[in-house]
Amino acid sequence: SLVLKSQPSLLILGHSGVLDLFAWISMVAGNSCETMPLDFVFVIDSSRSIRPEDYEKVKTFIINLLQFLDVGHNATRVGLLQYGSVVQPEFSLNTYYSKAEVKEAVRNMSHLATGTMTGLAIQYTMEVALTEEQGARPLSLQIPRIAMIVTDGRPQDTVEEIAAQAKQAGIQIFAIGVGRVEMKTLKAIGSEPHSEHVHLVANFSQMETLISVFKSKLCSDMCKTLDHGCEHLCVSTTASYICKCYEGFLLAGDGKSCERCLDGVMDLVFVIDGSKSLGPANFELVKQFVNSIVDSLNISRTGTHVGLIQFSTKVRTEFTLSRHTTGQDIKRAVNQMQYMGRGSMTGSALRHMFQFSFSEKEGGRSNIPRVCVVFTDGRSQDDVSEWASKAKNSGVTIYALGVGKAIEQELREIASEPSEMHLYYAEDFKKMGEITQKLKSRICKDENMCRCENIILFQNQVTEQLKNLAQSNILLLLVAPFSP
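Per an unreviewed UniProt entry, the protein is named Matrilin 2, and its organism is Cyprinodon variegatus.

1. Topic: the environment of Ser322
If you trace the backbone, Ser322 turns up in the loop between β14 (315-319) and α11 (327-335). Spatially, the C-alpha atoms of Ser322 and Glu360 are 9.3 Å apart, while their sequence positions differ by 38 residues. Dropping the residues within four chain positions of it, Ser322 is found in contact with Glu362 and Gly363.

2. Here we look at the pattern of salt bridges
Scanning all chains against the criterion turns up 11 salt bridges. Among the ionic pairs, Glu53 bridges to Arg51, the shortest N-O distance being 3.8 Å. Residue Glu53 is classed as partly exposed on the basis of its relative accessible area, which comes to 42%. With a shortest N-O distance of 2.6 Å, Arg365 and Asp267 are connected by a salt bridge. Residue Arg365 is located in the loop between α12 (346-357) and β15 (370-375), and its partner Asp267 is located in strand β12 (residues 267-273); the two are separated by 98 residues in the primary sequence. For Arg365, a relative accessible area of 23% corresponds to the partly exposed category. What makes Asp267 buried here is its relative accessible area of 0%.

3. Let's talk about the pairing of β15
Most of β15 is tucked away, with 5 of its 6 residues classed as buried. Across 6 bridges, the pairing between β12 and β15 is parallel. Each residue of the ladder has a partner; that of Leu268, found in β15, is Val371.

Criteria and thresholds
Residues numbered from 1 in each chain as written. Predicted model: local features only at pLDDT ≥ 70, side-chain atom pairs only at ≥ 80, totals over all residues. Heavy atoms only, no water. Helix = DSSP H or I, 4+ residues; strand = E, 2+ residues; numbered from the N terminus. Contact = heavy atoms within 4.5 Å. Salt bridge = Lys/Arg side-chain N within 4 Å of Asp/Glu carboxyl O. Buried < 20%, exposed > 50% of the residue type's maximum accessible area, 1.4 Å probe, protein only. Pairing = 2+ DSSP bridges.

Here is the structure:
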């Protein structure tokens, strides 16, 4: 079942065959259903390929779709921008607070009739339209941010990278195409699972089911209507639900089951990329980062244990989980590491981590959360999916944080499901503090519900050190933490 989180969400609609549907929506929708408040931004393709009469139908569609929404200052806020070769904002989330005003503004829109810069529109939506400055409520209020993009064909710019950033920023993307929209493009834009977020529709009859599903998403209490499978608590959100756990427990990697919090005791293995593309200077910075994390942990025989492997063309164990029992010894061993400086066999490193690093022989303990922090600076020279899957299936929850030249597909293969909760990307380290803060909230969902103090200290330390590293040039950081 689909999980639409209480975070930014993006629905992308192809244009062509959708248009005759608009009047039908109004007929079946009826009046506003009872929905939780939303921050809802329409992003309208206004390219020259859309005929004037079809552009009017798009406006009619928006007006009819508003029948689902309870528009108001403390209810759903609606914004709209259209795009062609440039992005033209029409009104923001804090411009109008009545449905009548929104409808009138939509009727007054003028067709741009220029290019199709869909990637630019997604970027504007993420960086401007769905921000607090433009009227979006703070994320702490858990009000979903939804953007509905209407497009009629192939974008003239790239969408893969910016769509990935939008999803990693918490935006959930629904990519729905009609007619000539390429499925490859839709999948690049849409969130996973694609079966729930990506739809390609050829004609009106196929759209009928889609709209009825969309209405049910807005109007249903999903905890009551779906077999949610939450072990402890189910919390309904717009269109779906999220699972939460009782105090003293953490949500497991499957997003449904709960595991008891063990006061921050963990087996932590670092997997460090020593390839030549990283460079000696950046390798030293990674060592500093490792040691700063060690400083935040309670290292002892009965507390947290730390191991470390380095990889390039080959994999080398620097020290095992059972080797050191004090933080000072671990930091000394980290400082003594020698940079390998060759290839980048991330898959081999994941295999070694899975087969050996958490084994009893190397100091792995049973019933203790396993953490694996992986640093790498780009595309692996071997396959990562097989061993990442085996590690995740064995109980290791993997979070993937990519920066710069990160390969999204590899990050998805490494990260636990749902990837939107475990995969993060930034163009550079200037945004890593923000991303790490989100990682903290993922690992320990709510400090009021799970007070694992060492885990929170661990994440705070990660955030602080990433801010310090923002001035450096490390290209990619993948964090593969634990299933607490």
